[in-house]
Number of protein chains: 2
Amino acid sequence: MSLDAILSRIDRELPQSLDRLLELLRIQSISTDPAFKADCDAAADWLVEDLLNLGVSAEKRPTPGHPMVVGHVEGNGPHLLFYGHYDVQPVDPLELWDTPPFEPALEDTPNGQVIRGRGSSDDKGQLMTFVEACRAWKAEKGTLPCKITFFFEGEEESGSPSLVPFMQENAAELTSDVALICDTGLFASKVPAITTMLRGLLGEDFTITGPTRDLHSGMYGGIAMNPIRVLNKILAGLHDETGAITLPGFYDDVPELPDEMRAQWQGLNFDHDSFLGDVGLKTPAGEQDRTPLEMIWSRPTCDVNGIWGGYTGDGFKTVLPSEASAKVSFRLVGQQDPDKIRVAFREYLESNLPEGFTVEYRVDKGAPASQMSIEDPAFEKARAALSDEWPNPAAYVGCGGSIPIAGYFKDLLGVDAMLIGFGKDDDQIHSPNEKYDLESFHKGIRSWARILDALSRDET
Amino acid sequence: MSLDAILSRIDRELPQSLDRLLELLRIQSISTDPAFKADCDAAADWLVEDLLNLGVSAEKRPTPGHPMVVGHVEGNGPHLLFYGHYDVQPVDPLELWDTPPFEPALEDTPNGQVIRGRGSSDDKGQLMTFVEACRAWKAEKGTLPCKITFFFEGEEESGSPSLVPFMQENAAELTSDVALICDTGLFASKVPAITTMLRGLLGEDFTITGPTRDLHSGMYGGIAMNPIRVLNKILAGLHDETGAITLPGFYDDVPELPDEMRAQWQGLNFDHDSFLGDVGLKTPAGEQDRTPLEMIWSRPTCDVNGIWGGYTGDGFKTVLPSEASAKVSFRLVGQQDPDKIRVAFREYLESNLPEGFTVEYRVDKGAPASQMSIEDPAFEKARAALSDEWPNPAAYVGCGGSIPIAGYFKDLLGVDAMLIGFGKDDDQIHSPNEKYDLESFHKGIRSWARILDALSRDET
């Protein structure tokens, strides 16, 4: 059977596939930092070139930020669109990396070989699983199995500012029968998953200012209100003693998990002790009356992602600073409206500012949560294909992170998105020493070949 | 009368005195930052050279940190010791300076001429008022009026780590009849003061660590406890709703202000509205049942001087960081024991760490409060001399800052210290755009000439 020939070719040509990925990983495409603008551009060029080699009519498409890469191949059967992102997270703190983040290499570990380097798992390695599956298919059969659109973004790690306008302007071109998104993970080692629930995100980045200048805490300490003290009180007040978030109305649009889903999740036997233990933690920190899987998949959260103020250098400076700053984000679920939560947060913050204090907000970042309609038969076909490749059946799962693209496909183009990926919990994405298991890369390519077969075979 | 001749010479030679100060201010003697070690050394060399020119047998004396400068002149009458420090505070945030911090210059302002630059008020300008008074005296009379020891430190802004050992090792040499310390301020414009109460200081610089690595808040948000959240809660809990500090036993050794002192302070008619208004604040932030002067002179405080954790760069990074850090300081009064407060703080902090979290402490900085015994007749003589120079009588006042040297003279050498200085509240010490009024410099030199006269004249 021809699928077997394709799978054999994937196995045989894995070293070449890996070389190509390492090449892409060497490009320092950090999208949040303007210093790496040229690198982001270079990553887009590299992908265009690679798709052209595959016979895809691909091009770099400008945006006000980093470019999109869009490519098409014509064909019969359903129109599939594949999305991935070529930008990566910043690498600080650099001193915690054991190897340079942009000098990727294959590494032996007690759990098998891994590809080490920034972007290996999030998302360049995952993006390339699909491209390599297409390459093997093309090499074996001379043509791809159906009409495919490739759609790669370079701003995912910085909030995708150009994505919605681009999708709106190019709606006809991007509207497909189903969107395949490779930016999620396995449920557990060797347990594949299709993610059907994604949390949304609201980010706030702000500075509160009290005194008009930095003060000497000897002269003013006691009488002058310290902005760091004000900030601490505001941030500490965001959670109550049970771990619940205190903003008025915050839980209004948070649905209870359907019993059926709750039962399926219980069947997954999630080992939260080792999930937390792997990163040195012990006690789940969320709402005390929720299960650990609910905490990370179906409940909203609030976290301070960064805080700074006053003197932070070596030694001591008894300063009472003029200002204090924080970056705060909320993971949203169900029908929670980012705009409504933002209003509630800002009202809470401003009502806690002492007289004369001011606040300045910097970014405005928000996306609602997404939920996929798994009634589309493509979902069951893909699940069966994944179950064929891996030693365990594939599960429908939730995801704590935000992948707003999934919602955009539904809302802007009316296209259902299937989130399938091969990352693992210990991939250290967004952290030093990011890695992607060689098994994830290899079986990821094979999985896409099987899914391409399943989705294209029965349709017409 | 010969004092008049000295005062006239001081007036006449003010331009030369100012030139010498500007030269000293150009030396970047930031003691907390190891990068400026050579600059600190250069400042010490400059002072040795200047004292030698004055006929003082001066030398640079090594310590494990920055050197001391010690000089002696023999003479009849009482033995006076003069203390000042040649090191200065760091200059960040540099972008808030209107002129480069180490390019000092005379500047016209609506309130008269000021000497602008780091260290102009704290403490090089103040230190030089005494040196210039001695210079004028020597030039006019050929000799200084009594035995004088000059003692200049280079680590005052970094907690004076070498001071106590140096004073202990050189106790005989430094023991004098009275110590004169020029590192404090006028009570108000044209109202001189002798500071008789100084708050102590306890500083803590620490990092709390939770997860063993930075986590992705999408994957771990909700279930993993965020160290910034823990830190916010700990720091927010240090004050209660009335502004009081919550550490158990914190107020045990805090004395009530004697009625007599309270009455004198009320007579000073402190205008806290304009004191706060000048720096953009409105409401006193201390304990609600205390007067503003108590808040800054006789009540203990707690302030966060620095806080940092997570991603603080441009853009947004949805990281759940491994650690969060803060620098916290307490201003101490009365008999509060820094060691006891440190224990109480650490017990409070550690009892609020979630299971599995750790804390690392970096510095260990503490000095108790000091109170001078104003029964020594030298205090009244100096007060009369100050009252002669200025349009208003001199006051005995408190000081919110810590000048541990005053306590060391008493405790280690049995010497009473007289704290007399000419700084003003708006000098912006420890802040960008530090300045020293030309009037403070000029009348400060004249004040010391009068005090030298008063203290040496009647003694034998």
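Just so it is clear, the model here is predicted, and its values are computed rather than measured. (Residues numbered from 1 in each chain as written. Chains lettered and ligands numbered in written order. Predicted model: local features only at pLDDT ≥ 70, side-chain atom pairs only at ≥ 80, totals over all residues.)

### Observations concerning the overall build of chain A
Alright, step 1. Looking only at helices and strands, chain A has 15 helices and 19 strands in total.
Alright, step 2. The globule rule puts the C-alpha radius of gyration for 460 residues at 23 Å, and the 23 Å found for chain A is close to it.
Alright, step 3. Its C-alpha atoms put chain A at 80 × 50 × 50 Å along the principal axes.
Alright, step 4. Expressed as a percentage of the 460 residues in chain A, the buried residues total 55%.
Alright, step 5. Considering only residue pairs separated by 6 or more positions, chain A has 78% of its internal contacts joining residues 24 or more positions apart. (Helix = DSSP H or I, 4+ residues; strand = E, 2+ residues; numbered from the N terminus. Rg over C-alpha atoms; globule rule 2.2 N^0.38 Å. Buried ≥ 20, exposed ≤ 12 C-beta atoms within 10 Å, placed from the backbone. Contact = placed C-beta atoms within 7 Å.)

### Thoughts on the pairing of strand β11 (residues 301–310) of chain A
Alright, step 1. With ten of ten residues buried, β11(A) is to be regarded as a mostly interior element.
Alright, step 2. In this structure, β11(A) lies alongside strand β11 (residues 301–310) of chain B, joined through five bridges in antiparallel fashion. The residue of β11(B) that forms the bridge with G306(A) is G310(B). (Pairing = 2+ DSSP bridges.)

### As for the domain arrangement of chain A
Residue and element names in this part refer to chain A.
Alright, step 1. Each assigned domain of chain A is listed with its residue range as follows: domain 1 (2–198 + 369–457) and domain 2 (201–254 + 300–367).
Alright, step 2. Taking only C-alpha atoms, the centre of domain 1 and the centre of domain 2 are 36 Å apart.
Alright, step 3. Contact residues are listed per partner, giving six residues for domain 1 and eight residues for domain 2.
Alright, step 4. Across the side of domain 1 that touches domain 2, the residue classes break down as two nonpolar, four polar and no charged. (Domains from an automatic or database assignment. Nonpolar A, V, L, I, M, F, W, Y, C, P; charged D, E, K, R; others polar.)

### Let's talk about the sheet that holds strand β19 (residues 435–437) of chain B
Residue and element names in this part refer to chain B.
Alright, step 1. Taken together, three strands build an open sheet; the order of strands is β4-β5-β19 and the sheet is antiparallel. Strands at the two margins of the open sheet, each flanked by one partner only, are β4 (105–109) and β19. Mean inter-strand twist for the sheet, computed between neighbouring axes without regard to direction, equals 35°.
Alright, step 2. Bridge count between β4 and strand β5 (residues 112–116): five bridges; the pairing is antiparallel. Across the sheet, residue E107 finds its bridge partner in β5, namely V114.
Alright, step 3. Seen against the sheet, helix α15 (residues 438–457) touches β4, β5 and β19 and runs at an angle of roughly 90° to β5. (Axes fitted to C-alpha atoms, helices over the stretch in contact; angles between N-to-C directions.)

### Quick word on the sheet that holds strand β5 (residues 112–116) of chain A
Residues and elements named next belong to chain A.
Alright, step 1. Strand order across the open sheet formed by three strands is β4-β5-β19, with antiparallel pairing between neighbours. Each edge of the sheet is formed by a strand with only one pairing partner; in this case those strands are β4 (105–109) and β19 (435–437). The average undirected angle you get between the axes of adjacent strands in this sheet is 35°.
Alright, step 2. Against the sheet, helix α15 (residues 438–457) makes contact with β4, β5 and β19, and its axis sits at roughly 90° relative to β5, the strand it touches most.

### Structural notes on helix α2 (residues 14–25) of chain B
Residues and elements named next belong to chain B.
Alright, step 1. The end-to-end C-alpha separation of α2 is 16 Å, in line with the 16 Å expected for twelve residues at 1.5 Å each.
Alright, step 2. Taken residue by residue, α2 has S17, L18, L21, L24 and L25 as its buried positions. Buried residues in α2, looked at end-on, bunch into an arc of 120°, giving them a common side. In α2, the exposed positions that point more than 90 degrees away from the buried face belong to P15, Q16, D19 and E23.
Alright, step 3. Buried residues along α2 sit against α3 (37–53), β4, β5, α4 (124–141) and α15. (Expected span 1.5 Å × (residues − 1). Arc of directions from axis to C-beta.)

### Thoughts on the packing of α2(B) against α4(B)
Residue and element names in this part refer to chain B.
Alright, step 1. It is at 10 Å that the axes of α2 and α4 come closest, and there the two elements cross at 140°. Taken as axis vectors, α2 and α4 run oblique relative to one another. At the point where α2 passes α4, the crossing takes the right-handed sense. In this structure, α2 uses S17, R20, L21, L24 and L25 to contact α4, whose residues at the interface are K124, G125, M128 and E132.
Alright, step 2. Here the residues of the contact of α2 with α4 are counted per class, giving four nonpolar, two polar and three charged. (Parallel < 35°, antiparallel > 145°, perpendicular 65-115°, else oblique. Left-handed = near helix turned anticlockwise from the far one by under 90°.)

### Points about helix α1 (residues 2–12) of chain A
Residues and elements named next belong to chain A.
Alright, step 1. Of the residues making up α1, those classed as buried are I6, L7 and I10. Buried residues in α1, looked at end-on, bunch into an arc of 95°, giving them a common side. Looking at α1, the residues exposed on the side facing more than 90 degrees away from the buried face are S2, D4, S8, D11 and R12.
Alright, step 2. Against α2 (14–25), α4 (124–141) and α15 lie the buried residues of α1.

### With respect to the packing of helix α1 (residues 2–12) of chain B against α4(B)
All names here are of chain B.
Alright, step 1. The N-to-C vectors of α1 and α4 enclose an angle of 120°; their axes lie 9 Å apart at closest approach. The pairing of α1 with α4 is recorded here as oblique in orientation. Seen from above, α1 lies across α4 with right-handed handedness. Counted together, S2, A5, I6, R9 and I10 of α1 and A136, W137, A139, E140 and K141 of α4 form the full contact between these two elements.

### Let's talk about the nonpolar core
What tends to happen in soluble globular proteins is that the nonpolar side chains get buried as a cluster.
Alright, step 1. The biggest cluster of nonpolar side chains holds 258 residues, and the ones touching the most others in it are I181(A), L180(B) and I181(B).
Alright, step 2. The residues contacting I181(B), other than those within four sequence positions of it, are Y83(B), I403(B), I405(B), A406(B), A417(B), M418(B) and L419(B). (Core = buried A, V, L, I, M, F, W, Y, C linked by C-beta atoms within 7 Å.)

### With respect to the environment of L94(B)
Alright, step 1. Assignment of secondary structure puts L94(B) in the loop between β3 (79–85) and β4.
Alright, step 2. Taking C-alpha positions, L94(B) is 7.1 Å from P432(B), a pair spaced 338 residues apart along the chain.

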